[in-house]
Amino acid sequence: MVIVDRRANPQGKSLPNRQRFLERAREQVRRAVRDTIARRGVADLDLDEEVKVQIDGTEEPAFRQTGEGEHDYVLPGTGTINRGDRVGKPPSGSGKGAGTGSGGGSGGGEDAFQFVLTREEFLHYFLDELELPRLLRTSLAQTNQSKPRRAGFSVHGQPSSLDVRRTMRNSMARRLALKRPNQATIETLKAEIEDAIALADDVRLGNARQALEEALRRSARIPYVDPVDVRYTRHERQPVPATEAVMFCLMDVSGSMTEHMKDLAKRFFMLLHLFLERKYERVHVVFIRHTETAAEVDEETFFRSRETGGTVVSSALDVMLKVQEERFPTDRFNIYVAQASDGDNISSDRATVDRLMRTRILPIVRYFAYVETQGGFGDYHPGHRGETALWGTYNAIAGSSTTPNLAMRRLADARDVFGVLAELFAKSAASPF
Amino acid sequence: MALLFEGMEWDFQTIDAIYQACEDVAVGEFGLSCYPNQIEVITSEQMLDAYSSFGLPLMYSHWSFGKHFARDEALYRKGRQGLAYEIVINSSPCIAYIMEENTAALQALVIAHACFGHNHFFRNNHLFRQWTDAEGIFDYLAYAKRYIAECEERYGVNAVERILDAAHALQPQGVHRYPRRKWRLADEERRARERHEHEEASYDPLMRTLPELPSPPVPSSERDRAEQEAKRRLRLPEENLLYFCEKNSPRLRQWEREIIRIVRVLAQYFYPQGQTKVSNEGCATFCHYEILTRLHEKGQITNGALLECLHSHSNVITQPDFTDRRFSGWNPYALGYAIMADIKRVCLEPDAEDRDWFPSFAGNGDPWGTLRDVWANYRDEGLVRQFLGPKVIRGFKMVHLADRAGETAYRVDDIHDEIGYRRIASRLADQYDPSHATPLIEVADVDLFGSRKLVLKHENRHGARLDAKSAQKTLRHLRTLWGYDVCLQEREAENGKLILEHVAA
């Protein structure tokens, strides 16, 4: 008898099968994910999502019989039934005879079944539908990053990059071509000499000695490994597109932003971060909050603390530009800006914002997403307001062909966060260049 | 004797000691003969993995296994479905998976159940001996997995999936019900390789470039004769649809035929298991009960351990009656164990009724010899027909319900009384007849020289009908394999009258 401990074996042996199944049920899973997004907010993001999959495309049909016709069932009874009694039939479809014999009917009546998508899978299907706009503009010319790549062999190089296999192959080829006697030949000749001595055959001895001498001379002349054999693996540095991104989160924290609005903004930022993380190797996040003045803060301060004061949006844009110039050069980073605000801005600031956006920000960022948070409880702007100051400013800039990287949406409820992100980064809406 | 373990904890020494003690009892005292055992300790996660691919540790990749895994996992996580304590594989060495979560007492139960009960049954039952090749199955599975992976690489996942989907749908119709020569699984890989080599060796691109000559018109009588001759060679009717497609489909390529063959081999491998659920589980349950009782008598396990095992044992053999909400057909463990325990009683302490019913072995004093004979020579149908005695029928209070066309309720035809015993045993045995469970569908006709349309036939016994929707979908899969149109005719079994014709949807 043998006992084998398999517990340490790699888990998830059926994972490839699961992925194939999900791929097969792709449309249903996507629909389910979309439905879910409509139903819930980002706060539930951590929960595993139960997905109901209709059997369409994932059914496994087989010939089976309906319950029609005459059947006989022998069943365990209650002891209170007598011959000739009548027993009501179960409602059709429940298959009274199912347990008789082998499981021929198993998998028969299923029409939908449920299983749980892990958080990873859920995000995969959600984010899969989104696309980074203007990703193609990340051209190689703009980057100075490079990675070493294998690029064939070279006759020069460091000893550490010596390719032994290649070198020995060359050496062997050369030795064969130049007929360098190998060890076995020399051994044979030596044995021949000894034989000749033993037999006292002088002619043979002379021939053998000569042959050995010749072989040894050849062997000494032709080196085992010659410098011409040596090969080194060669590496070339190839430029690669920047795989780092920086995401600037800009938020208005003046008194007019309610907790509800901040919550909305936070959810939006969170989701955007998740999304960018999937596309780039590293994503840096910079939080900038502003009232009349702006400052870079940490995450905690950004979302928690509250300030009073007026609203000057250009202050935030200034800080953002300053940070960008100092730490995130455009040739190394893909720059994204997400701004959340309730739309207030002092009217004298309008021209400055307009100028900053057009001349300095939009040319360098990959995407500028502006989300205007609205309503919720504590909203002191009942009913439909007109266009807010900031919305008006941005709206004038957006929509032109020179500024396809500015997008704006209104956001009123936590439920819509997914939807807004999906709209902003929808695949079809992605700019064509 | 010294106790094997105390408390719940176990380690590998404990497992070893339990195994030795069980072996002493099972082989030494009860005379069971088993394949060598291999016990593998796994986690619940791995148990779920094993569930999804027929319990086999090596299986080719297919999305349907992922689907089963997703469903089982969802049920398990919600607590709607427990996991089995063990899975055992009909192979040599016989592999038994035991879960790390089990207590020491449960491990003893599982070892007695799987490593001796099931193992003895696999090794000795004539169906398994006839149909399965326990020594070859692992190598074959490894070959199948490798072969299908290679095909996926060469021809693409979708092309392979198309064939696998179709073959899976026809798997119940992919077995030979009557024995032919025994599978030698070890030869399968060699055979496939030779076929491939032959194909490559005989490939001649020059011959393909020869222009086709217009064939002279064949007189219709000769044509008919040729068709008769070709049909005769097909040996219709053929009930193994997968075999028929593998051998005769005009459109399949060689690798596609090999994949069908793999699915067919596996179907055949599992074929005995469907027919021996009651006897197999009954054997294992009876063995674990007897072995554990014996270990307790010998003082090797504590009262507490025995009680824990008995608790699991009685859970396993629970049989709710048919009015119960939990009822979902016969529990093979309960029925099997009841019959085996009854046989033991009849051997040792028969009364007048038993002598009347089982004259051949009543009071022979050799329960293990009698049972070994039963396990070796019967499948479920025979077991029920011959060994279901009046005591067991009374114990389950069995009733016979007749479902007749046009009636709104079942009629109780027989109950557990003097008149009913024979008829109930016979009816229940019919239920375990494999032809009762899977619809009998066979290839009836092929239009060989015309449209190549394949005609299947299903005989409707006692007014049973095929489900139209699933039949159409399954036919679509058959069309994939056959390459041309297929149809399925439902005919009255009595007079051959055509009732309905299904076509591929």
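Analysis parameters
Residues numbered from 1 in each chain as written. Chains lettered and ligands numbered in written order. Predicted model: local features only at pLDDT ≥ 70, side-chain atom pairs only at ≥ 80, totals over all residues. Helix = DSSP H or I, 4+ residues; strand = E, 2+ residues; numbered from the N terminus. Buried ≥ 20, exposed ≤ 12 C-beta atoms within 10 Å, placed from the backbone. Contact = placed C-beta atoms within 7 Å. Nonpolar A, V, L, I, M, F, W, Y, C, P; charged D, E, K, R; others polar. Pairing = 2+ DSSP bridges. Axes fitted to C-alpha atoms, helices over the stretch in contact; angles between N-to-C directions. Parallel < 35°, antiparallel > 145°, perpendicular 65-115°, else oblique. Left-handed = near helix turned anticlockwise from the far one by under 90°. Right-handed = clockwise from strand over helix to strand, strands pointing away. Domains from an automatic or database assignment. Expected span 1.5 Å × (residues − 1). Arc of directions from axis to C-beta. pLDDT = per-residue confidence, 0-100. Core = buried A, V, L, I, M, F, W, Y, C linked by C-beta atoms within 7 Å.

**A word on the overall build of chain B**
- The helix and strand tally for chain B stands at 22 helices and nine strands.
- For the C-alpha atoms alone, the extent of chain B along its principal axes is close to 90 × 55 × 45 Å.
- Every one of the 505 residues in chain B was classed for burial, and the buried ones make up 47%.
- For chain B, contacts bridging at least 24 residues in sequence account for 73% of all contacts bridging at least 6.

**Examining the overall build of chain A**
- The number of helices and strands found in chain A is twelve helices and 13 strands.
- With 433 residues in all, chain A has 29% of them scored as buried.
- Excluding contacts between residues fewer than 6 apart, the proportion of contacts in chain A whose partners are at least 24 apart in sequence is 83%.

**A closer look at the interface of chain A and chain B**
- Contact with chain A, which involves 55 residues of that partner, is made by 83 residues of chain B.
- Broken down by secondary-structure element, the contributors of at least two residues to the side of chain A that touches chain B are β1 (2-5), α1 (15-24), β3 (71-76), β4 (86-88) and β5 (112-117) of chain A.
- Its residues placed into classes, the side of chain A that touches chain B shows 19 nonpolar, 20 polar and 16 charged.
- Two elements, β4 of chain A and strand β5 (residues 409-415) of chain B, share three bridges in a ladder whose sense is antiparallel. Note that in β5 of chain B the partner of Gly88 of chain A across the bridge is Ala409 of chain B.

**Side note on the environment of Gln431 of chain B**
Residue and element names in this part refer to chain B.
- Tracing the sequence through the fold places Gln431 in helix α20 (residues 420-431).
- You can call Gln431 buried: it has 22 C-beta atoms within 10 Å.
- Distance from Gln431 to Ala334, taken between C-alpha atoms, is 16 Å for residues 97 residues apart in sequence.

**Thoughts on the packing of helix α4 (residues 104-124) of chain B against helix α13 (residues 277-297) of chain B**
Residues and elements named next belong to chain B.
- Closest axis-to-axis distance for the α4/α13 pair is 8 Å, and the angle between their directions is 135°. It follows from the interaxial angle that α4 and α13 lie oblique. Relative to α13, the crossing made by α4 is right-handed. Between α4 and α13, the residues in contact are Ala108, Leu109, Ala112, His113, Ala114, Phe116, Gly117, His118, His120 and Phe121 and Asn280, Cys283, Ala284, Thr285, Cys287, His288, Ile291 and Leu292, respectively.
- For the contact of α4 with α13, the class distribution of residues is eleven nonpolar, seven polar and no charged.

**Some thoughts on the sheet that holds strand β8 (residues 486-492) of chain B**
All names here are of chain B.
- In space, the four strands of this open sheet follow the order β6-β7-β8-β9, with mixed pairing throughout. The sheet is open, and its two borders are formed by β6 (441-446) and β9 (498-503), each paired with just one other strand. This sheet shows a mean twist of 30° between the axes of neighbouring strands, independent of strand direction.
- Summarising the sheet, β6 and strand β7 (residues 454-460) pair through five bridges and their orientation is antiparallel. Counted as the bridge partner of Ile441 is His458 from β7.
- Each of β7, β8 and β9 touches helix α22 (residues 468-482); the most contacted strand, β8, lies at about 135° to it.

**Considerations on the pairing of strand β12 (residues 367-373) of chain A**
Residue and element names in this part refer to chain A.
- Extensive coverage of β12 is indicated by the burial of seven of its seven residues.
- On β12, burial covers both faces: Tyr367, Ala369, Val371 and Thr373 on one face and Phe368, Tyr370 and Glu372 on the other are all buried.
- Pairing of strand β11 (residues 333-341) with β12, which is carried by six bridges, proceeds in the parallel orientation. For Gln339, the partnering residue across the bridge sits in β12 and is Tyr370.
- Regarding the hand of the β-α-β motif, the stretch spanning β11, helix α10 (residues 350-361) and β12 is right-handed.
- The pairing of β12 with strand β13 (residues 406-411) spans six bridges and is classified as parallel. Looking at the pairing, Glu372 lines up with Arg410 of β13.

**A word on the domain arrangement of chain B**
- Here chain B is partitioned into domain 1 (12-125 + 276-310), domain 2 (317-436) and domain 3 (438-503).
- Spacing between the C-alpha centres of domain 2 of chain B and domain 3 of chain B amounts to 36 Å.

**Looking at unusual backbone geometry**
- A cis amide bond, omega 0°, links Ser92 of chain B with the succeeding residue Pro93 of chain B.
- Looking at where Pro93 of chain B falls in the secondary structure, it is placed in the loop between β2 (86-89) and β3 (94-99).
- If you check the backbone angles, Lys179 of chain A has positive phi at about 55° while not being a glycine.
- Looking at the element boundaries, Lys179 of chain A is found in the loop between α4 (164-177) and α5 (183-199).
- By the C-beta count within 10 Å, which is 11 here, Lys179 of chain A ends up exposed.
- Its identity is not glycine, yet Ala200 of chain A carries a phi of approximately 55°, on the positive side.
- Tracing the backbone through its elements, the reader meets Ala200 of chain A in the loop between α5 and α6 (202-221).

**Here's the deal with the sheet that holds β12 of chain A**
All names here are of chain A.
- Spatially, the six strands line up as an open sheet ordered β10-β9-β8-β11-β12-β13, and their pairing is mixed. Only two strands of the sheet have a single partner each, and these edge strands are β10 (294-297) and β13. Going across the sheet, the axis of each strand differs from the next one's by a mean of 20°, ignoring polarity.

**Some thoughts on the pairing of strand β1 (residues 37-42) of chain B**
- Across the six residues of β1 of chain B, five count as buried, placing the element largely inside the fold.
- Inspection of the sheet shows β1 of chain A paired to β1 of chain B by four bridges, in the parallel sense. Within β1 of chain B, the residue paired with Asp5 of chain A across the bridge is Val41 of chain B.
- Here six bridges tie β1 of chain B to β3 of chain B, and the two strands are oriented parallel to one another. Bridging from a neighbouring strand, Gln38 of chain B pairs with Ile95 of chain B of β3 of chain B.

**Focus on the environment of Leu448 of chain B**
Residue and element names in this part refer to chain B.
- The topology assignment puts Leu448 in the loop between β6 and β7.
- Leu448 sits 154 residues away from Arg294 along the chain, and the two C-alpha atoms are 65 Å apart.
- In this structure Leu448 touches Glu227, Ala230 and Lys231, once residues within four positions along its chain are discounted.

**Considering helix α6 (residues 137-155) of chain B**
Residues and elements named next belong to chain B.
- With 19 residues, α6 should reach 27 Å at 1.5 Å per residue; the first-to-last C-alpha distance of 26 Å fits that figure.
- Here α6 has its buried residues at Ile137, Tyr140, Leu141, Tyr143, Ala144, Tyr147, Ile148 and Cys151. Looking straight down α6, one finds that the buried residues subtend no more than 160° of arc, so they occupy a single side. Those residues of α6 that are exposed and angled more than 90 degrees off the buried face are Ala142, Glu150 and Glu153.
- Each element contacted by the buried residues of α6 is listed here: α7 (157-169), α8 (185-201) and α12 (254-275).
- Gly156 occupies a position one or two residues after α6 and carries a positive phi of about 100°.

**Side note on the confidence of the model for chain A**
- When pLDDT is averaged across chain A, the result is 76; 78% of the residues are at 70 or more.
- The element-level mean pLDDT for chain A is lowest in strand β2 (residues 49-54) of chain A, coming to 66, with α4 of chain A highest at 93.

**Describing the packing of helix α15 (residues 332-348) of chain B against helix α17 (residues 367-377) of chain B**
Residue and element names in this part refer to chain B.
- Two elements in contact, α15 and α17, have axes whose closest approach is 9 Å; the angle formed by their N-to-C orientations is 140°. Between α15 and α17, the angle falls in the class oblique. Pair α15 / α17 crosses with right-handed handedness. Contacts between α15 and α17 involve Met340, Ile343, Lys344, Cys347 and Leu348 on the former and, on the latter, Pro367, Thr370, Leu371 and Val374.
- Split by residue class, the contact of α15 with α17 holds seven nonpolar, one polar and one charged.

**Quick notes on the nonpolar core**
- Judged by nonpolar contacts, the single largest core of 164 residues is most densely connected at Cys22, Ala108 and Ile259 of chain B.
- With 13 residues, α4 of chain B is the single largest residue contributor to this core.
- Among residues more than four places away in sequence, those in contact with Ile259 of chain B are Ile148, Cys151, Val160, Ile163, Leu164 and Ala167 of chain B.
- By size, the runner-up hydrophobic cluster in this structure holds 56 residues, among which are Cys249, Tyr336, Ala369 and Leu406 of chain A.

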